[in-house]
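Structural characterization, general
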Amino acid sequence: MNTIIRKSMLSVAGLAFAGGVFAGPIAAHAATPVEGKPVAVAVQTAKVQGAQSHIDLNDEQTGNVKAIIAATKKAGLPERAAVISIATSLQESKLENLGHLGDANDHDSLGLFQQRPTSGWGTPEQITNPEYSTTAFLKGLKQVDGWQDMALTDAAQTVQVSAYPDAYAQWEQQATDLVAQHWNS
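Residues numbered from 1 in each chain as written. Predicted model: local features only at pLDDT ≥ 70, side-chain atom pairs only at ≥ 80, totals over all residues. Heavy atoms only, no water.

Quick look at the packing of helix 3 (residues 79–93) against helix 7 (residues 172–182)
One way to put it is that helix 3 packs onto helix 7 with a least axis distance of 8 Å and a crossing angle of 130°. Here helix 7 runs oblique to helix 3, going by the angle between their axes. Two packed elements cross with a definite hand, and for helix 3 against helix 7 that hand is right-handed. Touching Glu-79, Arg-80, Ala-82, Val-83, Ile-86, Ala-87 and Leu-90 of helix 3 are Glu-172, Gln-174, Ala-175, Thr-176, Leu-178 and Val-179, all from helix 7. Considering only residue class, the contact of helix 3 with helix 7 consists of eight nonpolar, two polar and three charged. (Axes fitted to C-alpha atoms, helices over the stretch in contact; angles between N-to-C directions. Helix = DSSP H or I, 4+ residues; strand = E, 2+ residues; numbered from the N terminus. Parallel < 35°, antiparallel > 145°, perpendicular 65-115°, else oblique. Left-handed = near helix turned anticlockwise from the far one by under 90°. Contact = heavy atoms within 4.5 Å. Nonpolar A, V, L, I, M, F, W, Y, C, P; charged D, E, K, R; others polar.)

Regarding helix 3
Here helix 3 is 15 residues long and its end C-alpha atoms lie 21 Å apart, about the 21 Å a rise of 1.5 Å per residue gives. Judged by how many residues are buried, helix 3 sits mostly within the fold: 14 of 15 residues are covered. Two residues or fewer after helix 3 comes Lys-94, characterised by a positive phi angle close to 60°. (Expected span 1.5 Å × (residues − 1). Buried < 20%, exposed > 50% of the residue type's maximum accessible area, 1.4 Å probe, protein only.)

Comments concerning the confidence of the model for the protein chain
Of all residues in the protein chain, 70% attain a pLDDT of 70 or more, and the chain-wide mean is 78. Within the protein chain, helix 2 (residues 59–74) carries the highest mean pLDDT (98), whereas helix 1 (residues 3–19) carries the lowest (39). In this model, residues 1–46 is a region of pLDDT below 50 whose contacts with residues beyond four sequence positions or in other chains number 50 contacts. (pLDDT = per-residue confidence, 0-100.)

Let's talk about the side chain of Gln-115
One can find Gln-115 in the loop between helix 3 and helix 4 (124–127). Relative accessible area serves as the criterion here: at 1%, Gln-115 is assigned to the buried category. Residue contacts for Gln-115: discarding those within four places in its chain leaves Asp-108, Ser-109, Leu-110, Trp-121, Ile-127, Ser-133, Ala-136 and Phe-137.

Observations regarding helix 5 (residues 130–142)
Here helix 5 is 13 residues long and its end C-alpha atoms lie 18 Å apart, about the 18 Å a rise of 1.5 Å per residue gives. Those residues of helix 5 lying buried are Pro-130, Ser-133, Thr-134, Ala-136, Phe-137, Leu-138, Gly-140 and Leu-141. At its buried positions, helix 5 is contacted by helix 2, helix 3, helix 4 and helix 6 (152–160). One side-chain oxygen of the residue at the start of helix 5 lies 2.9 Å from the amide nitrogen of Glu-131, identifying that residue as Asn-129. (Polar contact = N/O pair within 3.5 Å; in protein donor to acceptor, adjacent residues only side chain to side chain.)

With respect to the packing of helix 3 against helix 5
Remark: helix 3 packs on helix 5, axes separated minimally by 11 Å, with the N-to-C direction vectors making an angle of 120°. It follows from the interaxial angle that helix 3 and helix 5 lie oblique. Helix 5 is crossed by helix 3, and the crossing has right-handed handedness. Listed contacts from helix 5 to Ala-81, Ile-84, Ser-85 and Thr-88 of helix 3 are Phe-137, Leu-138 and Leu-141. Taken together, the residues that form the contact of helix 3 with helix 5 break down as five nonpolar, two polar and no charged.

Here's the deal with the environment of Asn-64
On the secondary structure map, Asn-64 appears in helix 2. Along the primary structure Asn-64 and Leu-95 are separated by 31 residues, whereas in three dimensions their C-alpha atoms are 6.4 Å apart. Those residues within four positions of Asn-64 in sequence are excluded, and the remaining contacts are Leu-95, Glu-96, Asn-97, Leu-112 and Pro-130.

Notes on the packing of aromatic side chains
A complete count under the given rule lists one aromatic pair for this structure. Consider the rings of Phe-113 and Phe-137, whose centres lie 4.9 Å apart with planes at 10°: the pair is stacked. One end of the pair, Phe-113, is in the loop between helix 3 and helix 4; the other, Phe-137, is in helix 5, and 24 residues separate them in sequence. We note Lys-73 situated over the ring of Trp-183; from NZ or CZ to the ring centre the distance is 5.0 Å. (Phe/Tyr/Trp six-rings, centres within 6.5 Å; stacked < 30°, edge-to-face > 60°. Lys NZ or Arg CZ within 6 Å of the ring centre and 35° of its normal.)

Right under this line is the structure:
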């Protein structure tokens, strides 16, 4: 079977599976449930894949968006890197800088990107620092050949190695909108 067709079929199957667990492993730990809502596309700067989810952000989450954008600019990377980073953080933590969640935690995952100290992402203190964790994610992203032209979910998955590889795609429109709103502010 043609590789492109096979990958497309696997992506569709993955999205169908992830549809029931749209927030990945972190969904079981969230204090309040988050409902995925379709988002109207006014201006599309990237190829958005599949049904889109959206959450309303509080001040902490908006501050984390701004921190991700600042770290992306500091790294000298374009808006697309910020979109991928924010979508990844939306999936992993809903843009909340999560500490250890006890028995509900996914291994020793921490911070905005649910990075693991035991996987070499840094110390718990580093991983829960939004600038550090974003910079660590971006360092991984820069090592992915062609990330600028990849589907967001493929770029994010290559860095994150998630059990839910297609789940990042659902946040692309909200991440794109957030970058458009805050990039020049």
